[in-house]
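Structure assessment
Here is how the chains run, residue by residue.
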Amino acid sequence: MLFRSEGAVLLVSHDRAFLRAVANRVVELRDGGLVSYPDGYDAYLERKAQEASRQEEMEAEAAREAAEEVAGSGIPVFLASHPTPTPAASYAVVARGTSGAIVITASHNPYIWNGVKFKAAYGGSASPAIMKKVEAELTRVVHSGARAHRAKNSTIEKVDLVTPYLENLKSKVQMDRIRSSGLKFVADPMYGAADRKST
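The notes below deal with the structure included here.

Scoring rules and cut-offs
Residues numbered from 1 in each chain as written. Predicted model: local features only at pLDDT ≥ 70, side-chain atom pairs only at ≥ 80, totals over all residues. Heavy atoms only, no water. Helix = DSSP H or I, 4+ residues; strand = E, 2+ residues; numbered from the N terminus. Buried < 20%, exposed > 50% of the residue type's maximum accessible area, 1.4 Å probe, protein only. Contact = heavy atoms within 4.5 Å. Core = buried A, V, L, I, M, F, W, Y, C linked by side-chain atoms within 4.5 Å. Axes fitted to C-alpha atoms, helices over the stretch in contact; angles between N-to-C directions. Parallel < 35°, antiparallel > 145°, perpendicular 65-115°, else oblique. Nonpolar A, V, L, I, M, F, W, Y, C, P; charged D, E, K, R; others polar. Expected span 1.5 Å × (residues − 1). Salt bridge = Lys/Arg side-chain N within 4 Å of Asp/Glu carboxyl O.

Thoughts on the overall build of the chain
- If you tally the helices and strands in the chain, you get six helices and six strands.
- Considering the chain as a whole, with its 199 residues, one finds that 21% of them fall into the buried category.
- Contacts in the chain between residues far apart in sequence, at least 24 positions, make up 49% of those at least 6 positions apart.

Quick word on the nonpolar core
- Of all hydrophobic cores here, the largest spans five residues; its members are Leu19, Val26, Tyr37, Tyr41 and Tyr44.
- In this structure, Tyr44 is in contact with Val26, Glu28 and Tyr37, ignoring residues within four places of it in sequence.

A short note on the packing of helix H3 (residues 86-96) against helix H5 (residues 162-172)
- Interaxial distance between H3 and H5 falls to 9 Å at its minimum, and their mutual angle equals 85 degrees. Taken as axis vectors, H3 and H5 run roughly perpendicular relative to one another. Two secondary-structure elements touch here, H3 through Pro87, Ala88 and Tyr91 and H5 through Val162, Pro164, Tyr165 and Asn168.
- Class assignment of the residues belonging to the contact of H3 with H5 gives a composition of six nonpolar, one polar and no charged.

Let's talk about helix H2 (residues 40-71)
- Its 32 residues give H2 an end-to-end C-alpha distance of 47 Å, which sits within 8% of 46 Å, the value for a rise of 1.5 Å per residue.
- Check the buried side of H2 and you find it contacts helix H1 (16-22), strand S1 (25-30), strand S2 (33-38), strand S3 (77-80) and strand S6 (156-159).

A few points about the pattern of salt bridges
- Applying the stated criterion to the full structure yields six salt bridges.
- A salt bridge links Lys48 to Glu28; its shortest N-O distance comes to 3.1 Å. With Lys48 in helix H2 and Glu28 in strand S1, the pair connects residues that are 20 residues apart, well separated along the chain.
- Residue Lys48 is classed as partly exposed on the basis of its relative accessible area of 22%.
- Judged by relative accessible area, which is 14%, Glu28 ranks as buried.
- Salt-bridge contacts for Glu51 lead to Lys48; the nearest nitrogen and oxygen are separated by 3.7 Å. Taken as a pair, Glu51 and Lys48 lie in helix H2 at a separation of three residues, close to a single helical turn.
- Take Glu51: its relative accessible area is 10%, and that puts it in the buried class.

Don't take any of this as a statement about function, it's just geometry.
Encoded structure:
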């Protein structure tokens, strides 16, 4: 019946096999509008993978630039070697005894909502009082036109922040009891770094 229809058929489904069989265009609701992907579901997945790859490159560049600015102020930097969930960055702050962390993230939202978070020395989101100081300093730098210079030869060291975080989680969670419980779980990374193959 669907294949004999001369009109358009709009369908919403989570059944990927069904979408592969019948859809010749995928329309995605994004940023308050519609984005149309012609040529079916597999072509849509390929285009989305290409977009994600480009976005990952942009995120890595933003992270490098942030690291260079901080290092240019004479502060040693640990730069995540690959996309890293925010909790892993928060854990690293405490485990490594750093002063804080800059996290470029869209949280649970699609990448188009990327922004900057600052984690304080205690690993959690910086308090309003800390953020007021950060904002005041950023305003001063922007208005003065001053930029950091790498006069102090600060270091930028690429590190894996995910493995130590996962090892710490394993030490706190009784995985054997979970496995033997007979329960089934579903995890949805909601666009996050936990969904990246590199993690």
